[in-house]
Amino acid sequence: MPEETVTVAGLRAGSVPADTEPEKAGTPGGPVPSGACSDTRREIAFHGERSGRAPLTWGQRAIWHAIRRTAPNDHYFNIGRVLPLADRGRPVTVPEALGALARLMERHESLRTRLLLSPLDGEPAQGLADAGTLSVTMTRAAGLPEAAAEAEALLGRLSATRFDYAAEWPVRAALITVGDRVTHAVLVLCHLAADGHAAEILVRDLRLLVRRRSAGPSPATTPLDLARDQHAAAGRRRGAAALAHWEAGYRAAPPTMFPDPCAQPRTPRFWTGRLVSPALARAVGTVAATHRVSGSTVLLTASAALVAAGEGHRTAAVMPIVGNRTAGALRDLVSTLSQDGLFVLDLAESSGTTEAAGLAGTFTDLLPAAYRSALRAYRAAVYDPVEWDALGERLSAEYGTDVHPYCCFNDMRLVERALPEGPRATGAEPAEARRRTTFGFPATQDRVACRYCLHVTEEGDALAVSLTADTAYLPPEAIRAHLYAMEELIVASAAGTPPPLTELRTLLVTAGGDRP
């Protein structure tokens, strides 16, 4: 993730001691600067090239279904970014920044698109407006340090409430000024309009529009055009092929990863644990380079193996969030393209052991098969969520129980940093790096439509791994254990001593020990 931007997760997920009560989700962390009380608003007009109506794209349908399952806590899906404008280049005036925001609205149709709800509670559509006005929050600060604090506070406040999907533009914007100069721009995006990759495109384009008044050629396609393509015959054939992969994977895996509650749920029910580890960042790169797989595959495999071991499954099923931007026309499209994939890993088969022998391999023995399984999952992550729901309902009726992994993985890094060249770290170096690991419970939610949600981001030279879980299935101490076990598993593998698969369940008990 570019260093010039700040995410909502990065602002809210500072370490909290493990024995403290987590922050309630939606409450911005830290004190609100006094200047936040003197916000004003400016209206900007924008004029796009066309209006129109189309069905939702499959990515939009997927996030809409997730929003409905999570409501009224669906502000959880809001995406926020802060763009510093005083760190380089010439000073930016208020008219220049407002003009750039207007041109951003004109350039990207998704920002002018709202939900068209069905009167009979059927599938909604999307409506594109050609013109309108956007209200921009304006906040003054005394100096640059205060402006940075104001930006963080505004990001938290603007992200903390759900969007009115049918009436509100899917972007909230704010500018922070010091004197007559703009120091920061804040964008909060509705997930129906953008995913994480699209948010970075918007930050890039806004920076270019402020500095150069142009962001280059228009995107190669639009959400309306993509929706029409997906709902046409060829698109539906591609979707059906993807769902065939899902059915095969469902039949090869347990109906769910977490079948039975094991504890009285806390209030709020969903807790987020967050581990920030420089040692994990280095270890992931080392293991990936040694075994010629991606770092994301290493983390996904570790997550799957630990979940399977903890719940006593031979086969793991995890739903990675897939960006779906390999096609050239989609790389610069501002829309929500990400959908769930289905990653299925038979730990015995993938480690090269027979069913009779049980789990005789080590963690790194899983990686070649896991890499192939991940690629299959990525290729089968574009489908109609309505048909996906129907598949789940059909299999649930056939099995007589709910068929859904309730276990997801989201590597939110846009790129993986290359491992620095040099010899493998000595035994003392990982131990020193692990002393810099921090852990806390920074947030809670009343309702999340999953039981295990792992998110990966970067924080400086460290990996930040957050696990949001249903405390009826993973109480707080188990959330902590999973994150420390992931660190220990991958750090040991990087040192050339990958733990045996038969020891992963024990690792979930012992990992972390008396560490913070």
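You'll find the structure just up there.
So, here is what we can say about the structure in this document. (Residues numbered from 1 in each chain as written. Predicted model: local features only at pLDDT ≥ 70, side-chain atom pairs only at ≥ 80, totals over all residues. Heavy atoms only, no water.)

**Here's the deal with the state of the cysteines**
Next, step 1: Enumeration according to the criterion identifies 0 disulfides in this entry.
Next, step 2: Of all cysteine sulfurs in the structure, the one in Cys 453 sits closest to Cys 450, which takes part in no disulfide; the separation is 3.6 Å.
Next, step 3: No disulfide involves Cys 453; its nearest neighbouring cysteine sulfur is the one of Cys 408, lying 3.4 Å away. (Disulfide = S-S within 2.5 Å.)

**Overview of the sheet that holds strand β6 (residues 113-116)**
Next, step 1: Spatially, β3-β7-β6 is the arrangement adopted by the 3 strands of the open sheet, whose pairing is antiparallel. This sheet does not close on itself; its edge strands, each paired only once, are β3 (52-55) and β6. The sheet shows a mean angle of 30° between the axes of neighbouring strands, taken without regard to direction.
Next, step 2: Looking at chain direction, β6 and strand β7 (residues 125-128) are connected through 4 bridges and run antiparallel. If you follow Leu 115 over to β7, its bridge partner there is Gln 126. (Pairing = 2+ DSSP bridges. Helix = DSSP H or I, 4+ residues; strand = E, 2+ residues; numbered from the N terminus. Axes fitted to C-alpha atoms, helices over the stretch in contact; angles between N-to-C directions.)

**A closer look at the packing of helix α9 (residues 295-311) against helix α11 (residues 367-379)**
Next, step 1: Closest axis-to-axis distance for the α9/α11 pair is 10 Å, and the angle between their directions is 100°. By the criterion of interaxial angle, the relationship of α9 to α11 is roughly perpendicular. Of α11, the residues touching α9 (which contributes Ser 296, Thr 297, Val 298, Leu 300 and Thr 301) are Leu 367, Ala 370, Tyr 371, Ala 374 and Tyr 378.
Next, step 2: Considering only residue class, the contact of α9 with α11 consists of 7 nonpolar, 3 polar and no charged. (Parallel < 35°, antiparallel > 145°, perpendicular 65-115°, else oblique. Contact = heavy atoms within 4.5 Å. Nonpolar A, V, L, I, M, F, W, Y, C, P; charged D, E, K, R; others polar.)

**Digging into the pattern of salt bridges**
Side chains bearing opposite charge may pair, as long as their charged atoms lie close to each other.
Next, step 1: Throughout the structure, instances matching the rule amount to 28 salt bridges.
Next, step 2: For Arg 50, the salt bridge is made with Glu 109, and the minimal N-O distance between the two is 2.7 Å. Of the two residues, Arg 50 sits in the loop between β2 (40-47) and β3 while Glu 109 sits in the loop between α3 (94-107) and β6, which places them 59 residues apart along the sequence.
Next, step 3: Judged by relative accessible area, which is 27%, Arg 50 ranks as partly exposed.
Next, step 4: Where Asp 205 meets Arg 204, a salt bridge forms, and the shortest distance between an N and an O atom there is 3.0 Å.
Next, step 5: Taken together, the shared-partner salt bridges in this structure form one network comprising Arg 50, Glu 109, Asp 225 and Arg 228. (Salt bridge = Lys/Arg side-chain N within 4 Å of Asp/Glu carboxyl O. Buried < 20%, exposed > 50% of the residue type's maximum accessible area, 1.4 Å probe, protein only.)

**Overview of unusual backbone geometry**
Next, step 1: Cis geometry marks the peptide bond from Ala 71 to Pro 72; its omega dihedral reads 10°.
Next, step 2: Turning to its location among the elements, Pro 72 is positioned in the loop between α2 (58-70) and β4 (79-84).
Next, step 3: Residue Pro 268 is reached from Thr 267 by a cis peptide bond, and omega for that bond is -5°.
Next, step 4: Here Pro 268 shows up in the loop between α7 (233-252) and β11 (270-277).
Next, step 5: Even without being a glycine, Asn 324 presents a positive backbone phi close to 60°.
Next, step 6: Residue placement: Asn 324 occurs in the loop between β12 (315-322) and β13 (339-340).

**Points about the pairing of strand β15 (residues 407-411)**
Next, step 1: Taken across its 5 residues, β15 has 5 buried, putting it largely inside the fold.
Next, step 2: Where β15 meets strand β17 (residues 452-459), 5 bridges bridge the pair, whose relative direction is parallel. Bridging across to β17, Asn 410 finds its partner in His 455.

**Brief notes about the side chain of Thr 315**
Next, step 1: The topology assignment puts Thr 315 in strand β12.
Next, step 2: Among the residues examined, Thr 315 registers a relative accessible area of 10% and is labelled buried.
Next, step 3: Residues contacting Thr 315, with those up to four places away along its chain left out, are Ala 252, Ala 253, Pro 254, Met 257, Val 344, Leu 345 and Asp 346.

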